[in-house]
Amino acid sequence: MGKKIKKEVEPPPKDVFDPFMIESKTAATVVLMLRSPEEEVLAKACEALYKFALKGEENKATLLELGAVEPLTKLLTHEDKIVRRNATMIFGILSSNNDVKKLLRELDVMNSVIAQLAPEEEVVIHEFASLCLANMSAEYTSKVQIFEHGGLEPLIRLLSSPDPDVKKNSMECIYNLVQDFQCRTTLQELNAIPPTLELLKSEYPVIQLLALKTLGVITNDKQSRTTLRDNQGLDHLIKILETKELNDLHVEALAVIANCLEDMDTMVQIRQTGGLKKLLSFAENSTIPDIQKNAAKAIAKAAYDPENRKLFHEQEVEKCLVALLGSENDGTKIAASQAISAMCENSDSKDFFNNQGIPQLIQLLKSDNEEVREAAALALANLTTCNSANANAAAEADGIDPLINVLSSKRDGAIANAATVLTNMAMQEPLRLNIQNHNIMHAIISPLRSANTVVQSKAALAVAATACDVEARTELRNSGGLEPLVELLRSKNDEVRRHASWAVMVCAGDELTASELCRLGALDILEEVSLSGSRRNKFSELAYNKLLNNNLSLKYSQTGYLSSSNIINDGFYDYGRINPGTKLLPLKELCLQEPSDRRAVLLINSKSDVSLPTSR
């Protein structure tokens, strides 16, 4: 055998850099590595920065100061999957920092983040990309960017992800997005309700809660309520209410049900499944204010249906609602008052609240919360309408003063409701006199000047109900209330014009007030209204005739006759017939005119000491 010859090892090429490991103890050095062209360096740098950012808010701020955000944004679209994944993970963590969020909006990276939600990407990328979007979507500008870059559709798709973190982040982002009406409309088009309902079965309460809160927002839209019902959503919600272990979800579940009860078909369905009795049970037995509030809201909406009112009355819902009026939670008081308002359509319920309910509602009129006062006034308005016993009960509960105080409320609804209650009470003479003694004529002037047509209408009606005697009319006149009342005759709103005409007709009952109304132009306005086929109404005609009866010279010139009840006094003059729309000159102006070939003006005057201007 030949002798073996040892093979020489070739030296490495001189132009190749020998690899070596770098161990850095400062974040600044690692941030510099983000600009490396090497994929392995980038991946390890991102991993190190991810671990650093996880340690707390201070570290996130440090990375921002070191300028890490901008180079990281470029890595979101890197060709290497590991680099892209690690960069996405960092943004999932960093995006909880407000300053980072602001910079990300300026760098316009939303499209790159949304691209990470693509089906072919791995679950961990889905998790942190959706986390980044969830954090960003808390602010309005970011919501707009996510929506405009088409982020809603992939987020909805990820609701069916096998990973619970992906589901949670996607649902949270969707919840933030649907606060905007346009997003809610698109959500419906993308059929997001079925996968959202599926999340109600999740074993993770946080996912269930986000799904319920999202449903609570989107079911404000009718089409979404229909979709929820068609997908057996009510069954899911009732099941949650029946499960004691899920009591943390009962508040939101009741809120969704309350929204759904605005639709008649849903009402029928929930009544048939026994859901209404469960609502009543929650309202009666729960000690949690938000559960009581949402249960009362649901009862209020359900009570607009006659069959539901009958069922609630059989279950003695009135006792429950009266008890809820005493809650310490303002939201519960409001919801209970609204439910009482709805139950008033049932005459038996209306009678029940005579002794129990009205005194408590009167107390709520004194609340510092304007919404509470408005809801209480609405309940009282419904309770006292066409019910003299309840009107008396409101007066006996010392309700007149609080009601008149509400007329100066900041909320138009509260003012209109209080004016309605006072009008209902004034239908009875003893109560009307009592109301007049509480300075109603001065208090009603501000509502008469309101820009809200409902308030104007209710205020004018209150004047018509309370200005039924000379003393009240004198007070209204002296307080300056006739001027805004006359202005309401010009209103383009039919109801305002009708009620203002009614009030003017009542106020024209004595000569001094009628004369002042004429001076303010009421007669001219009513004459103009009477010539309009669309604006004329029964009360405008009656008011016009009432004012004419206090201006017999004009009446005779316009009509050519006086009725048997018209008594001519000194100062009456016959100018002759004038056409409708023609203004009758005052006697003093006529005296100043030069003699002409026209017929003479005939004056009736029995007093010798009356001096008239002489013509020159």
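Naming follows an unreviewed UniProt entry, where the protein appears as Armadillo repeat containing 3 of Cercocebus atys.

Student: Is there a simple way to think about the environment of Ser 557 in this case?
Tutor: Summarising the element assignment, Ser 557 is placed in helix α40 (residues 552-559). Assessed through its relative accessible area of 0%, Ser 557 is described here as buried. Here the alpha-carbon distance between Ser 557 and Leu 584, two residues 27 residues apart in the chain, equals 8.1 Å.

Student: In this structure, what is going on with the packing of aromatic side chains? I would like to understand it.
Tutor: In this description, a pair of aromatic rings is defined by centroid distance and the angle of the planes. Taken as a whole, this structure holds three aromatic pairs when the rule is applied. Centroid distance Tyr 50 to Phe 128: 5.7 Å. Interplanar angle 90°. Geometry classified as edge-to-face. Of this pair, Tyr 50 sits in helix α2 (residues 39-54) while Phe 128 sits in helix α8 (residues 123-136), placing them 78 residues apart in sequence. The residues Tyr 50 and Phe 128 share a single accessibility class, namely buried. With 4.7 Å between their ring centres and 10° between their planes, Trp 502 and Phe 539 make a pair best called stacked. Of this pair, Trp 502 sits in helix α36 (residues 494-507) while Phe 539 sits in helix α39 (residues 538-548), placing them 37 residues apart in sequence. A residue is classified by how much of its surface remains accessible, and Trp 502, at 32% relative accessible area, is partly exposed.

Student: Looking at this structure, I do not really get the packing of α2 against helix α5 (residues 81-94). What am I missing?
Tutor: Put simply, α2 and α5 touch, their axes get as near as 9 Å, and they point 20° apart. Considered as vectors, α2 and α5 are oriented roughly parallel to each other. Relative to α5, the crossing made by α2 is left-handed. When α2 is examined against α5, the residues Glu 39, Leu 42, Ala 43, Cys 46, Glu 47, Leu 49, Tyr 50, Ala 53 and Leu 54 are found in contact with a partner set consisting of Ile 82, Val 83, Asn 86, Ala 87, Met 89, Ile 90, Ile 93 and Leu 94. Here the residues of the contact of α2 with α5 sort into 14 nonpolar, one polar and two charged.

Student: I would appreciate a short explanation of the UniProt feature "domain: ARMC5-like ARM-repeats" (unreviewed entry) in the protein in the present structure.
Tutor: Those places that UniProt annotates as "domain: ARMC5-like ARM-repeats" (unreviewed entry) correspond, in this numbering, to residues 253-504. With 75% helix and 0% strand, residues 253-504 has end C-alpha atoms that lie 52 Å from one another.

Student: Would you mind going over unusual backbone geometry with me for this structure?
Tutor: Glycine aside, residues mostly have negative phi, and peptide bonds are mostly found in the trans state. Of note, the phi angle at Cys 386 is positive, near 55°, even though the residue is not glycine. Position of Cys 386 relative to the elements: it lies in the loop between α26 (370-384) and α27 (388-396). We classify Cys 386 as exposed; its relative accessible area is 80%. Backbone geometry at Asp 398 places phi at a positive 60°, although glycine is not the residue there. Residue Asp 398 is classed as exposed on the basis of its relative accessible area of 59%.

Student: I would appreciate a short explanation of the packing of helix α19 (residues 275-285) against helix α20 (residues 289-302) in the present structure.
Tutor: Each pair of packed helices can be summarised by the angle the axes make with each other and by the distance between the axes. Running from N to C, α19 and α20 cross one another at 140°; their axes reach a closest spacing of 8 Å. In terms of their interaxial angle, α19 and α20 are classed as oblique. Relative to α20, the crossing made by α19 is left-handed. On α20, the residues that touch Leu 276, Leu 279, Leu 280, Phe 282 and Ala 283 of α19 are Ile 291, Gln 292, Ala 295, Ala 298, Ile 299 and Ala 302. Partitioned by chemical class, the residues of the contact of α19 with α20 number 10 nonpolar, one polar and no charged.

Student: Quick question: what am I supposed to make of the side chain of Thr 227 here?
Tutor: Inspection of the secondary structure assignment puts Thr 227 in helix α15 (residues 222-230). Residue classification places Thr 227 among the buried residues on the basis of a relative accessible area of 12%. When near neighbours in sequence (up to four residues on either side) are disregarded, Thr 227 contacts Gln 188, Asn 191 and Ile 193.

Student: When you look at the environment of Val 69 in this model, what are you seeing that I'm missing?
Tutor: With respect to the helices and strands, the residue Val 69 is situated in helix α4 (residues 69-75). Judged by relative accessible area, Val 69 falls into the buried class, the value being 2%. Spatially, the C-alpha atoms of Val 69 and Ala 87 are 9.9 Å apart, while their sequence positions differ by 18 residues.

Student: So what exactly am I meant to see when it comes to the pattern of salt bridges here?
Tutor: A full pass over the atoms with the stated rule returns 19 salt bridges. The salt bridge partner of Glu 57 is Lys 60, with a shortest N-O separation of 2.9 Å. Separated by three residues within a single helix, Glu 57 and Lys 60 lie in helix α3 (residues 57-65), roughly one turn from each other. On the accessibility criterion, Glu 57 (44% relative accessible area) is partly exposed. We note a salt bridge from Asp 510 to Arg 473, for which the minimum N-O separation is 2.5 Å. Here the residue Asp 510 occupies a position in the loop between α36 and α37 (511-519), and Arg 473 occupies one in helix α34 (residues 470-478), the gap between them amounting to 37 residues. A single burial state applies to Asp 510 and to Arg 473, both of which are buried. One network of salt bridges, with partners in common, ties together Arg 473, Arg 477 and Asp 510.

Student: Looking at this structure, I do not really get the environment of Ile 156. What am I missing?
Tutor: Counting through the fold element by element, Ile 156 comes out in helix α10 (residues 152-157). For Ile 156 and Ser 170, which are 14 residues apart along the polypeptide, the C-alpha to C-alpha distance reads 7.2 Å. Among residues more than four places away in sequence, those in contact with Ile 156 are Ile 174, Leu 187, Leu 190, Ala 192 and Pro 195.

Student: Before we go on, may I ask you to explain α8 in this structure?
Tutor: In an α-helix, one turn spans 3.6 residues; hence positions three or four apart end up facing the same way. Across its 14 residues, α8 extends 20 Å between first and last C-alpha, which sits within 8% of the 20 Å expected from 1.5 Å per residue. Judged by how many residues are buried, α8 sits mostly within the fold: 12 of 14 residues are covered. Ile 125, His 126, Glu 127, Phe 128, Ala 129, Ser 130, Leu 131, Cys 132, Leu 133, Ala 134, Asn 135 and Met 136 are the residues of α8 that are buried.

Rules used throughout
Residues numbered from 1 in each chain as written. Predicted model: local features only at pLDDT ≥ 70, side-chain atom pairs only at ≥ 80, totals over all residues. Heavy atoms only, no water. Helix = DSSP H or I, 4+ residues; strand = E, 2+ residues; numbered from the N terminus. Buried < 20%, exposed > 50% of the residue type's maximum accessible area, 1.4 Å probe, protein only. Phe/Tyr/Trp six-rings, centres within 6.5 Å; stacked < 30°, edge-to-face > 60°. Axes fitted to C-alpha atoms, helices over the stretch in contact; angles between N-to-C directions. Parallel < 35°, antiparallel > 145°, perpendicular 65-115°, else oblique. Left-handed = near helix turned anticlockwise from the far one by under 90°. Contact = heavy atoms within 4.5 Å. Nonpolar A, V, L, I, M, F, W, Y, C, P; charged D, E, K, R; others polar. UniProt positions renumbered as here; feature names shortened; annotations may be inferred. Salt bridge = Lys/Arg side-chain N within 4 Å of Asp/Glu carboxyl O. Expected span 1.5 Å × (residues − 1).

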